[in-house]
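Architecture at a glance
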Amino acid sequence: MPVYEFECPNGEITEKLVRMDTQEIVCPKCKETAKKIISCCAFELKGGGWYADGYASSRNKTGRSK
Ligand SMILES: [Zn+2]
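Summary of the structure given here. (Residues numbered from 1 in each chain as written. Predicted model: local features only at pLDDT ≥ 70, side-chain atom pairs only at ≥ 80, totals over all residues. Heavy atoms only, no water.)

With that out of the way, let us pick up the coordination of the zinc ion. Taken together, the protein donors to the zinc ion comprise Cys8 (SG), Glu12 (OE), Cys27 (SG) and Cys30 (SG), at separations of 1.9 to 2.4 Å. For the zinc ion, the four donor atoms are set out with angles of 102 to 118 degrees between them, so the coordination reads as tetrahedral. All donors to the zinc ion come from one chain, and their sequence spacing reads C-x3-E-x14-C-x2-C. Of this pair, Glu12 sits in the loop between strand S1 (3-7) and strand S2 (13-17) while Cys27 sits in the loop between strand S3 (24-26) and strand S4 (33-37), and the two are 15 residues apart along the sequence. You can call Cys27 buried: its relative accessible area is 0%. (Donors = N, O, S within 2.8 Å, 3.2 Å for Na, K, Ca; no water. Tetrahedral: all angles 85-135°; square planar, octahedral: opposite > 155°, others 65-115°. Helix = DSSP H or I, 4+ residues; strand = E, 2+ residues; numbered from the N terminus. Buried < 20%, exposed > 50% of the residue type's maximum accessible area, 1.4 Å probe, protein only.)

Set out below in structure tokens:
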């Protein structure tokens, strides 16, 4: 079973092992309804951007010092 993140109305994030079709859980802290966060794809895109940015700037630095 995959781990999903849930956010309640108070902004608390709870990680929990649930079935894939689970859309919401009860927040263990405030007992409000916490809804599932879908974040896998956004995270992947962000990681790619960071990598490309770092590579480009390090090449630029090397060229300038010569
Ligand atoms: Zn909560």
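Think of a sheet as strands paired side by side through backbone hydrogen bonds, with each pair either parallel or antiparallel. Overall, antiparallel pairing links the four strands, which are arranged S2-S1-S4-S3 in an open sheet. Looking along the sheet, the strands with just one partner apiece sit at the ends: S2 and S3. Adjacent strand axes in the sheet meet at a mean angle of 40 degrees, parallel and antiparallel pairs treated alike. Relative to S2, S1 is paired through five bridges, and the arrangement is antiparallel. Residue pairing across strands places Tyr4 opposite Lys16, the latter belonging to S2. (Pairing = 2+ DSSP bridges. Axes fitted to C-alpha atoms, helices over the stretch in contact; angles between N-to-C directions.)

Let us now look at the pairing of S1. Going residue by residue along S1, you find Tyr4 and Phe6 tucked away on one face and Val3, Glu5 and Glu7 left uncovered on the opposite face. Connecting the antiparallel pair S1 and S2 is a turn made up of five residues, with Gly11 showing a positive phi of about 80 degrees.

As for its position among the elements, Ile38 is in the loop between S4 and helix H1 (40-65). Of the residues examined, Ile38 reaches a relative accessible area of 67% and is grouped as exposed. Note: C-alpha distance between Ile38 and Phe6 (32 residues apart in sequence) is 9.0 Å.

It is worth spelling out the pattern of salt bridges at this point. Using the criterion set out here, one finds one salt bridge in the structure. A salt bridge links Arg19 to Asp21, with the nearest nitrogen and oxygen atoms 3.3 Å apart. (Salt bridge = Lys/Arg side-chain N within 4 Å of Asp/Glu carboxyl O.)

The next subject is the environment of Lys35. Mapped onto the elements of the fold, Lys35 is located in strand S4. By relative accessible area, Lys35 is classed as exposed at 52%. Sequence spacing of Lys35 and Glu24 is eleven residues, and the spatial spacing of their C-alpha atoms is 4.4 Å. Apart from the residues within four sequence positions on either side, Lys35 is in contact with Glu5, Phe6, Glu7, Gln23 and Glu24. (Contact = heavy atoms within 4.5 Å.)

Just distances and angles here, no functional claims.
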